[in-house]
Amino acid sequence: MQISRREFLRWLYASGATLALARCAPQPAPQPALTAPAATPTIFAQQGSGAFTAPPPTRLTAPPEPGRITPTEQFYVVRYSDTIPVVDINLWGMQVAGLVERTLTLKWADILARPQVNTMRTLECISNPAGGGLIGNATWHGVSLRDLLNEAGIKSGAKFVTFEAQDDYLTTVALERALDPNAFLVHSINGAPLTREHGFPLRVLIPGVYGQKQPKWISRIVLTDQNEKGFWEQKGWSNDATVQLNARIELPEDEAKIQRGAQTLIAGMAFANLAGVRRVEISTDAGAAWREATLVPAPMPYAKLAWMGWYTEWTPTQTGRAIIQARATDGAGNSQAANEQAGLLSGVFPNGSAAIHQVAVTVE
């Protein structure tokens, strides 16, 4: 049986499935109990108002709130194998090794004893198509990766950092990415310990890159002079994995019916790399004309780390079929220019999708 891309995306939202090569987990299983105290959530961790992941239990009925939080149980999960490590926190340890002055071996108590940081961060899968649900925003609690690397002492020949995980996954980033002040090792999501599916007990957060460069279940961090390719990179996916600029329409839904002469809310979210989102424009005539939407940024200092809400009002004057599109412009002045491409992956391979998202509605 053949299905159209639009039918596929509708199925994607309904089932919570991932795309080719990516495996999406079922509902999170119970995690091992922590003997350590739970993280203290920031005030932003209490601002959850729904979800933007597949499948969303509710859709927007009003403009998005600043820093809209994805509930943990609805945050997308992607893994490269069927393995979900089960960790005994009393036996767990993590090593920092390679081109360092001193090898560090840290136990769980050592992680909790380090200075703790809070952040808000959006994660997106590189296989997320235009308008897809493999993206979410959460608050996170953990420790500075830069401080840890500096404590180990970085030797002059070090150029890359390889992350190794307990499920045998690995990936490599440039040293300067790992030394970003917003690069963290986190143990909590939305004010509670990580679930097993989300990387208990420790996962990586690196700003500006897709999730494949932010692995879960971290067991070893190696500073090296070699850019070792991991599982996805060896499959041909981007080794840089910089997030592509994108905007997603959540309201109205695809194939919705709306009334002529009635004020209609058009709303959604946009995300970019570290350049941030400067502008979102909306077309209601398949790209013939564009108008600027109102932006709803995340609270400072997270505006460039978390997705950007946006909305506008539209009063249709003619009945019939209408194509609504959303395109974003980042802080460097780059705008989405790619049209939607044919095929289920919508051009995501190998660098992620920059396609302009569109939905079709019927005006009655």
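Rules and cut-offs
Residues numbered from 1 in each chain as written. Predicted model: local features only at pLDDT ≥ 70, side-chain atom pairs only at ≥ 80, totals over all residues. Heavy atoms only, no water. Core = buried A, V, L, I, M, F, W, Y, C linked by side-chain atoms within 4.5 Å. Buried < 20%, exposed > 50% of the residue type's maximum accessible area, 1.4 Å probe, protein only. Contact = heavy atoms within 4.5 Å. Pairing = 2+ DSSP bridges. Helix = DSSP H or I, 4+ residues; strand = E, 2+ residues; numbered from the N terminus. Axes fitted to C-alpha atoms, helices over the stretch in contact; angles between N-to-C directions.

(A) Spotlight on the nonpolar core. In terms of nonpolar packing, the biggest core is built from 44 residues, with M94, V96 and I221 touching the most fellow members. Here M94 is in contact with L104, T105, L106, L148, L185, L202, I218, S219, R220 and I221, once residues within four sequence places are set aside. Core analysis: the next-biggest nonpolar cluster, separate from the first, contains 22 residues, L245, A272, V280 and A328 among them.

(B) Inspection of the sheet that holds strand β18 (residues 294-296) at higher detail. Taking strand neighbours across the sheet as the criterion, the four strands line up as β13-β15-β19-β18 in an open arrangement whose pairing is antiparallel. Edge strands, defined here as strands with exactly one partner in the open sheet, are β13 (246-251) and β18. Averaged over all neighbouring strand pairs, the angle between strand axes comes to 30°, with direction disregarded. As judged from the three bridges shared by β18 and strand β19 (residues 308-314), these two strands associate in the antiparallel manner. Note on β19: the bridge partner recorded for V296 is G309.

(C) The pairing of strand β6 (residues 135-144), seen in detail. Taken across its 10 residues, β6 has 10 buried, putting it largely inside the fold. Alignment of strand β5 (residues 117-124) against β6, held across eight bridges, turns out to be antiparallel. The partner of E124 across the bridge, within β6, is I135. Strand direction decides the pairing type here: β6 and strand β9 (residues 184-189), joined by five bridges, are antiparallel. The residue of β9 that forms the bridge with V143 is L185.

(D) Representation of unusual backbone geometry within the structure. F200 connects to P201 through a cis peptide bond whose omega is 10°. For P201, the location among the structural elements is in the loop between β10 (192-193) and β11 (203-205). For the bond from M300 to P301, the omega torsion is 10°, close enough to zero to count as cis. Tracing the backbone shows P301 in the loop between β18 and β19. Notably, D168 is not glycine yet its phi reads approximately 75°, a positive angle. Of note, D168 is situated in the loop between β7 (160-165) and β8 (170-174). Taking the relative accessible area as the measure of exposure, D168 reaches 65% and is therefore exposed. For N190, which is not glycine, the phi torsion reads 50° and is therefore positive. For N190, the location among the structural elements is in the loop between β9 and β10.

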